[in-house]
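Close look at the chain arrangement
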Amino acid sequence: MSLFPAFAADAEATQFKEPPQVNWLQNTSFQIDVTPHTEEPAKETPSTPDDEPEPKKRKKEKKHKHKTNKEKRAAAEITEYKEEGFAIDKVRNKEFLTVKTISRPSAPKYSVRYYVNSFKARRRKKFKRYYHHARKINDKSDTEEQLITKKNLDAMGGSKKDDNFAGFQQETNLSQTTATYNRKLTENVHDIKLWLEYVKFQDTVYQFEKTYRKGSIAKGLRVLAERKLSILDKALTHNQNCEELLRERLNVAVNVYPSDELQVLLKGLVDKEQGNIILWQGYIESTQCSMSHCNTPAVLNLYIKCLSILHKLRRNSTMEKAQLEENILKMLYQCGLFLKQAGLFEQLWTLLRLYLELNLSASDKSKFNISSGFEEKQLVEFEEVVFNSQLPLHELWLRTEKLREACHWLPFAEDGQCEDPQRLVFPEDVAELIHPITMPENTFKLIATILTLMKIPLLFCRHSTMQDLGLDYVPWALDSIESLLPIFLPLYPIDLRNDNLIIDNRLSVGPQYLKVLPGQEEYLNFVLSTMKSCAECLTGDDRTATTVWWLRFQKLLIILEKENRFKLPQGFGKKIKSNVKALLKQEENRSNIIFYCEYALIEYELGNIETCLNIIRTALSFSSNRMILASTVDEEQTARCYLYRILIEVYLNTKKDSEALKHLIGYVLERNGPVDTLNDDVFNQATLKFKHVTLQLLQKEMDKLPVANQFLPNFLTDWIICNGWFLYLTKGAIQCGTFIENILCELEDKQQGMMWQKEVIFEFYVAVFFKHCTLNPGYGTFKILDDVLSRAIEQYPNNLFLLTVLAKEQSITSCSGAPWWKLKSLLVKTGRAFPILFLVLIGNQQSVAVRETFVETFTGKKYEMSGSHKNRMLALFRLITRPDMCTRRCGLVWRLYLQFVHAHFDPALCRNVYYCAVEECPWLKALYIDAAIYIPAELAQIQDLLIEKQLRLHVTPEELDVLRS
């Protein structure tokens, strides 16, 4: 048959024709039979329906891997069709690829793959896994539970582990560690530190499971969190109302659960325990720190609800009244922080003023009606200058916003119409947040809370003082630089001036007293007047402590101006001296030795050293020289010991060690002045007297120091410091260090509630060795200083003096000091905002030191920050803003992060950092202001967010357009 019907007739004709006779085929050399082959026609048989074969099912043709089968099948088809006059070529021939005369449509396409001989296929490394072996239960005896003992443990069998498993050794170690923790916690269920270590150990277990097990990372984090929560719940059953465990439980829940789920969870817990301040804090923060839920009215309603419930519980309770009142003060502090950071300073001052009038000056309601003293006409003139400057739109908005922010911090109280409705704040607007403070011991805590919210730093800023005042528990309290100012106030006769430790005053937020701007002097006067009015309303130690705080704050301002970090308004230095003299002239203050001592230190900072010494000698003449006995210590002896300590340290600062030693021995031997000569006999008498009184003091029972007394002299610490200086001047720093170590051991073993005293002694310990190391750098005592500093910072991480010494030591030792990884490990593991913030400042300090010290050889330009240092700082910022870090909601850390990225990286990264910051701190107005500086293209979105969150906006976009035109 033919393939094409048109040629069917020709094909049939050719089938029966005889083949042509070819002559050359008759040759003898080629004899072959070529007769045609004719097939016999098949006999046709009639077919019936029953004989028809059933249709066969089509089977899928399998592709064979071997080419030989294909070639055989193709060859058979070729021979079949050759007999019909044509052939189908189904076998490729690579030689056709070399033919260049055939055009592309006619040429066959071939898929050719080339293999390199050196190619090696990658194979996954197989490792053996261990599996649990199921055992059939054949009889009833196997189903019964058997008691596992040491004898039948091996006979019990069970799952067998494969020693060749890659993580076998690690898993064994983890199992042993878990067993150790379980045994120790069973023996001592009240060990809070051990419980927290066991919770932290679960991170190590999670890392092992993530490495050697399969599964989702998000699911693994959730399992890890639930495991930690289970451990903490068990710990809380044995240690109810433990603050550390409750805070850890809250942090674990916040890090894993989404905001919606977290709100539901915490609301249920708060309803069960309405007096638990930590649960309230977490519940409020779940709304305040959520980008989707945060707005000012919603957050304030939660604070109102919390304070009202705490007030009801306090009114109905008799046993926990003091604790509930402390909780009210803590929530007042947190609510005030929210108002301050949202820019709502008019509402904040109204709230604070009503608390002061209710609890301090109930008889005189006008005591705290303090005016700002700023003239509105001056602000209008400044705004006209700004609008006539033809600056870009974002610059116009920024400068107008900052001007009004610096000048308008009090509610509108003048006659006439107010153009800004947010300045109209009435007492009724915050009345639901006002509650009385009835316990006398909480009055000073209220004053400290109010002054801290007005941006007055704690002086001196110690860890124990912050804890006792209730100012330590809010991780997002730091948003501007005023809290860091105590690092410039000296405590001991050592030089801690550090020009490379930069505290940028551009990070201050209005109203402020650090930058030369309109409203600076007025706000500084306002703050000092408020402090003075608070002191006048108090009595006893509370009044003395507040006045000392007021004097130290003015001394700090003088030091800042002397170091060119702050510009005092013109004539303000003389005003400070006149204020102090007016205070000392008051009848009740004329015999107060502590005030005279602070006045002497102000004169010292002004450069009048002789005047300072004369004031101290005059103050010493007020007190009688009595016998020093530990059993008869009173206020007069405490003040006299403090005066001698200050006198000795002034002499040490002026490098008059012999004069300091003479006055010290004269004091301890109960003489009216310094000894004339220094000899062994005098030294022995002084040593015996110091030893005798010190032993008496350590054996004496002492109560916990009230928080107001932590701002005042303390006989125990001042006497030990005087004894330490005596040993340092006579026998050296090593003997002094041995003496302090013995004192710390005695206080640790015998005395309870001596946290503040031990912190002060640790400060002195560090100061002595720092002084010795700077004066004798070749003695190799920097190692001792590092060890003492590490111990002190681990115990008291919020102590700014210790952190300042650490920064200064890093500046002195440079690359020969502690390595960066060790420094980072020390400060990050404290879990506090101050140490982590200092880690950033120390990193910046190193880059400033490099720029100021090194110069490029060829160009002569200052050395810029290297790429490695930029990457190290970027990695640090990413570390401290992780979800599990306490600083992820610290506004000052995010602002430093933005500043760093804007200075050294492209705007795209800066924009990403800004949106991450706003996601964590949506209520912080300072972030939006910084973003308008660094990312001006996002100004419209920034203003929309400010309006959406109902934060304080002094000039709206619509008003700005009107003012421009």
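Below is a short write-up of the structure. Keep in mind that what you see is a predicted model, and the values were worked out from it rather than measured. (Residues numbered from 1 in each chain as written. Predicted model: local features only at pLDDT ≥ 70, side-chain atom pairs only at ≥ 80, totals over all residues. Heavy atoms only, no water.)

1. What about the nonpolar core?
Formed by 298 residues in total, the largest nonpolar core has its most connected members in Tyr303, Trp397, Trp549, Phe553, Trp719, Phe801 and Tyr914. The leading source of residues in this core is helix 28 (residues 755-775), at twelve residues. Discounting residues that sit within four places of it in the chain, Phe553 has contacts with Ile456, Pro457, Leu459, Tyr513, Leu524, Val527, Leu528 and Met531. (Core = buried A, V, L, I, M, F, W, Y, C linked by side-chain atoms within 4.5 Å. Buried < 20%, exposed > 50% of the residue type's maximum accessible area, 1.4 Å probe, protein only. Helix = DSSP H or I, 4+ residues; strand = E, 2+ residues; numbered from the N terminus. Contact = heavy atoms within 4.5 Å.)

2. Quick word on empty space enclosed by the protein
Where empty space is left can be seen by rolling a probe of water-molecule size over the atoms. Overall, the coordinates contain four cavities of 30 Å³ or more when judged by the stated rule. Counted as a void, the largest cavity has a volume near 100 Å³. Lys340, Gly343, Glu405, Val509 and Gly510 are the residues nearest the centre of the largest cavity, which is lined by 15 residues in total. Breaking the lining of the largest cavity down by element, the ones donating at least two residues are helix 12 (321-341), helix 13 (345-359) and helix 36 (925-934). Taken together, the residues of the lining of the largest cavity sort by class into five nonpolar, five polar and five charged. (1 Å grid on protein atoms, 1.4 Å probe; cavity = no way out; pocket = protein on both sides within 12 Å on 5 of 7 lines; lining within 4 Å. Points joined across faces, edges and corners; volume = space filled by probe spheres on them. Nonpolar A, V, L, I, M, F, W, Y, C, P; charged D, E, K, R; others polar.)

3. Structural notes on the packing of aromatic side chains
Taken as a whole, this structure holds 32 aromatic pairs when the rule is applied. Look at Tyr914 and Tyr915: their rings are 4.8 Å apart centre to centre, the planes differ by 55°, and that puts the pair in the tilted class. Within the aromatic cluster, the residues linked to one another by ring pairs are Phe345, Trp349, Trp409, Tyr513, Tyr523, Phe526 and Phe553. A cation sits over an aromatic face here: Lys330 above Tyr473, 5.7 Å from the ring centre. Positioned over the ring face of Trp820 is Arg872, at 4.4 Å from the centre of the ring. (Phe/Tyr/Trp six-rings, centres within 6.5 Å; stacked < 30°, edge-to-face > 60°. Lys NZ or Arg CZ within 6 Å of the ring centre and 35° of its normal.)

4. Overview of unusual backbone geometry
Residues Leu459 and Phe460 are joined by a peptide bond in cis, for which omega reads 10°. The topology assignment puts Phe460 in the loop between helix 16 (443-453) and helix 17 (463-469). At the junction of Gly510 and Pro511, the peptide bond is cis and its omega measures out at -5° in the coordinates. Inspection of the secondary structure puts Pro511 in the loop between helix 17 and helix 18 (520-536). Phi at Gln950 takes a positive value of approximately 60°, unusual for a residue other than glycine. Here Gln950 is to be found in the loop between helix 37 (939-948) and helix 38 (957-964).

Keep in mind these numbers describe shape, not what the thing actually does.
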